[in-house]
Amino acid sequence: MDRSKVFLRVNRVDPDLCDQARKASLSDLHEAMGYRGRAALMSPRMRPLRLGQRVVGPAVTAWCAPGDNLMMHRALYLAQAGDVLVVVCGSETSGAQWGDVAARYAKQKGLAGVVVQGPIRDVEQLLELDSQAWSTCISSIHPDKNGHGLVNAPIVCDGVLVQPGDMVVADSDGVLVIPRDEAPQIVARGLARMKKEEEAAMAIGQGATPWDLSGASAIYAEMQIDERDCVWDSA
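Scoring rules and cut-offs
Along each chain, residues carry numbers from 1 onward, in the same order as the chain's sequence is written. Where totals are concerned, whole chains, interfaces and linings use all residues; where local detail is concerned, this predicted model gives features only for residues with pLDDT of at least 70, and gives and counts side-chain atom pairs only at 80 or more. The side-chain quantities take in all heavy atoms of the structure and omit both hydrogens and water. Side-chain atoms within 4.5 Å link the members of a nonpolar core, which is a set of buried Ala, Val, Leu, Ile, Met, Phe, Trp, Tyr and Cys residues. Partly exposed describes any residue whose relative accessible area lies between the buried limit of under 20% and the exposed limit of over 50%, with all areas from a 1.4 Å probe on protein chains only and scaled to the type maximum. Helix and strand assignments follow DSSP, with helices taken as H or I runs no shorter than four residues and strands as E runs no shorter than two, numbered in order from the N terminus. In what follows, a contact means two residues having at least one pair of non-hydrogen atoms within 4.5 Å. A helix is expected to reach a length of 1.5 Å times the quantity of its residues less one. In this scheme, strands are said to pair when DSSP sees at least two bridges between them. Ring pairs shown here join Phe, Tyr and Trp side chains whose ring centres sit within 6.5 Å, with only the six-membered ring taken for Trp; geometry is labelled stacked below 30 degrees between planes, edge-to-face above 60, and tilted in between. Polar contacts, as counted here, are pairs of nitrogen or oxygen atoms within 3.5 Å of one another; within protein the pair requires one atom able to donate a hydrogen and one able to accept it, and residues that are adjacent in sequence qualify only if both atoms are side-chain atoms. For patch detection, residues must exceed 30% relative accessible area and be free of salt bridges, and they are connected within 9 Å for like charges or within 5 Å for nonpolar side chains (Val, Leu, Ile, Met, Phe, Trp, Tyr). All accessibility values rest on the Shrake-Rupley procedure with a 1.4 Å probe; residue burial counts only the protein chains present in the view. The term salt bridge refers to a pairing of a side-chain nitrogen on Lys or Arg with a carboxyl oxygen on Asp or Glu at a separation within 4 Å.

## A closer look at the nonpolar core
Judged by nonpolar contacts, the single largest core of 25 residues is most densely connected at Met72, Leu76, Leu85, Val87 and Trp98. Per element, the largest residue contribution to this core is five residues, and it comes from helix α4 (residues 70-78). If near-sequence neighbours (up to four positions away) are discounted, Met72 is found in contact with Ala62, Cys64, Leu85, Val87, Gln97, Trp98 and Ala102. Counting residues in hydrophobic clusters, the runner-up holds 19 residues, among them Val13, Val56, Ile186 and Val187.

What follows is the structure, given as structure tokens:
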């Protein structure tokens, strides 16, 4: 990329909707998206710095040249309180994108969290700062600050399309991206699913089984599976 594009404004998902989404689990929101939820979920290699982390907020995006994090710093400077910074490092492991200096500034301005396809570093300091970070790897590898890239433009992070202002949900299970225009319907379905899960938990407490509650027993019955009342090596 020989020219950079930096967009100074973002159409953010409604903050009240983010508050509602915080009441539902990432799994409920993922399931609420139906088949499209697979394409909205980052891969298992995108892991939280610490288990128990959870953020929900609008995406601000940065695509950085290989071995460089200049555009990450510009996006961080432009970000607002409550935003989730989503960063892609070209040639993924070529330059650290997040460390203690960026984390200190992010905490001061109220950034919700950061999601990085690429390396983060200064792990001990990040833990002390309670930096809400997700990344595909950890490495101290030096980053330059002179590369072209993108800020607040659509990017693909760990295989998922992220447009500025989309809702980013991240917790111990991973990272989910919900398109801004579809967020109201998806959050509503996610909350409804969460209520059903709570009802199922109560039913299990009263003696019901997931085998029946999930519908698995009915499906299994229709599959005409050969069940035998014996051990496998005497059949």
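More follows now that the structure is in view.
## Overview of helix α7 (residues 183-205)
When the terminal C-alpha atoms of α7 are compared, their 33 Å separation across 23 residues agrees well with the 33 Å that a helix rising 1.5 Å per residue should span. Among all positions of α7, only Ala183, Ile186, Val187, Gly190 and Met194 are buried. Looking at the packing, one finds that the buried side of α7 touches α1 (15-21), α2 (26-32), β10 (167-171) and β11 (174-178).

## Focus on the pairing of β10
Along β10, five of the five residues are buried, which leaves the element largely enclosed by surrounding structure. Examined bridge by bridge, strand β3 (residues 55-64) and β10 share four bridges and lie antiparallel to one another. Bridging from a neighbouring strand, Val56 pairs with Val169 of β10. Relative to β11, β10 is paired through five bridges, and the arrangement is antiparallel. Residue Asp171 lies in a different strand from β11, and its bridge partner there is Gly174.

## Quick notes on the packing of aromatic side chains
Under the defined criterion, the tally for this structure stands at one aromatic pair. Centre to centre, the rings of Trp211 and Tyr220 are 5.2 Å apart; their planes meet at 65 degrees, and the pair counts as edge-to-face. By relative accessible area, which is 42% here, Trp211 ends up partly exposed.

## Comments concerning the side chain of Thr61
By the secondary structure assignment, Thr61 is in strand β3. Among the polar contacts made by the side chain of Thr61, one reaches the main-chain carbonyl oxygen of Ala153 at a distance of 2.7 Å. The contacts of Thr61, once residues within four sequence positions are left out, are Ala75, Val86, Leu150, Val151, Asn152, Ala153, Ile155, Val162 and Pro164.

## A look at a nonpolar patch on the surface
A cluster of nonpolar side chains, Ile219, Met223 and Ile225, forms an exposed patch at the surface whose accessible area comes to about 290 Å². Note that Ile219 resides in helix α9 (residues 216-222).

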